[in-house]
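# Remarks on the overall topology
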Amino acid sequence: SRAVTQRLRNGGLDVVYFGNDTSETLDSTQVLVRQGDAASGTRVQRVLGIGSVRAAPDPSRLVDVSVRLGRDLTAFAGKP
């Protein structure tokens, strides 16, 4: 979502792409650490204020973190 992208950028994070990677609807947002340590995922989760962080290494993605949005995004809508 563009609102999530803007929130991350306002939080000082670089967003290189947003789109769908699955048709599955998740109950809660997932912050997936692709490369590096969990601190990068924790920072993303803190900026969003939603989601859970887990390791999901995938060096082929060339990003540190992927975010898969879930239904808890509705809670995000009311936050500044």
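What you are looking at is a predicted structure, and each value in this text was computed from that prediction instead of being measured. In this numbering scheme, every chain counts its residues from 1 along its sequence in written order. Residues qualify for local features only when their pLDDT is at least 70, as the model is predicted, and side-chain atom pairs are given and counted only at 80 or more; totals for whole chains, interfaces and linings, by contrast, use all residues. To get the side-chain values, all heavy atoms of the structure are used, and hydrogens and water are removed first.

## With respect to the packing of helix H1 (residues 2-10) against helix H2 (residues 38-48)
To get an axis, fit a line to the C-alpha atoms, keeping to the stretch in contact for a helix; angles then go from 0 to 180 degrees between the N-to-C directions. Going along the chain from the N terminus, every DSSP run of H or I of four or more residues is numbered as a helix, and every run of E of two or more is numbered as a strand. Direction vectors running N to C along H1 and H2 enclose 115°, while the axes themselves pass 9 Å from each other. Put simply, H1 runs roughly perpendicular to H2. As for how H1 packs across H2, the hand of that crossing is right-handed. Across the interface between the two elements, Val 4, Arg 7 and Leu 8 from H1 touch Val 44, Val 47 and Leu 48 from H2. Polar here means any residue other than Ala, Val, Leu, Ile, Met, Phe, Trp, Tyr, Cys and Pro, which are nonpolar, and Asp, Glu, Lys and Arg, which are charged; Gly is therefore polar. Residue composition of the contact of H1 with H2, grouped by class: five nonpolar, no polar and one charged. When an angle is under 35 degrees it counts as roughly parallel; over 145 it counts as roughly antiparallel; between 65 and 115 it counts as roughly perpendicular; any other value is oblique. By the definition used in this description, the sense in which the near helix is turned from the far one sets the handedness, with an anticlockwise turn below a right angle giving left-handed and a clockwise turn giving right-handed. Only heavy atoms enter the contact rule, under which two residues are in contact if any of them lie within 4.5 Å.

## Regarding the sheet that holds strand S1 (residues 30-33)
A pair of strands is treated as paired once DSSP finds two or more bridges between them. One open sheet holds the three strands; their spatial order is S2-S1-S3, and the pairing between them is mixed. Every other strand in the sheet has two partners, leaving strand S2 (52-55) and strand S3 (65-68) as the edge strands with one partner each. For this sheet, the mean angle separating the axes of adjacent strands, direction not counted, is 25°. With four bridges joining them, S1 and S2 adopt parallel strand pairing. Bridging from a neighbouring strand, Gln 30 pairs with Ser 52 of S2. Against the sheet, H2 contacts S1, S2 and S3, and its axis sits at roughly 155° relative to S1.

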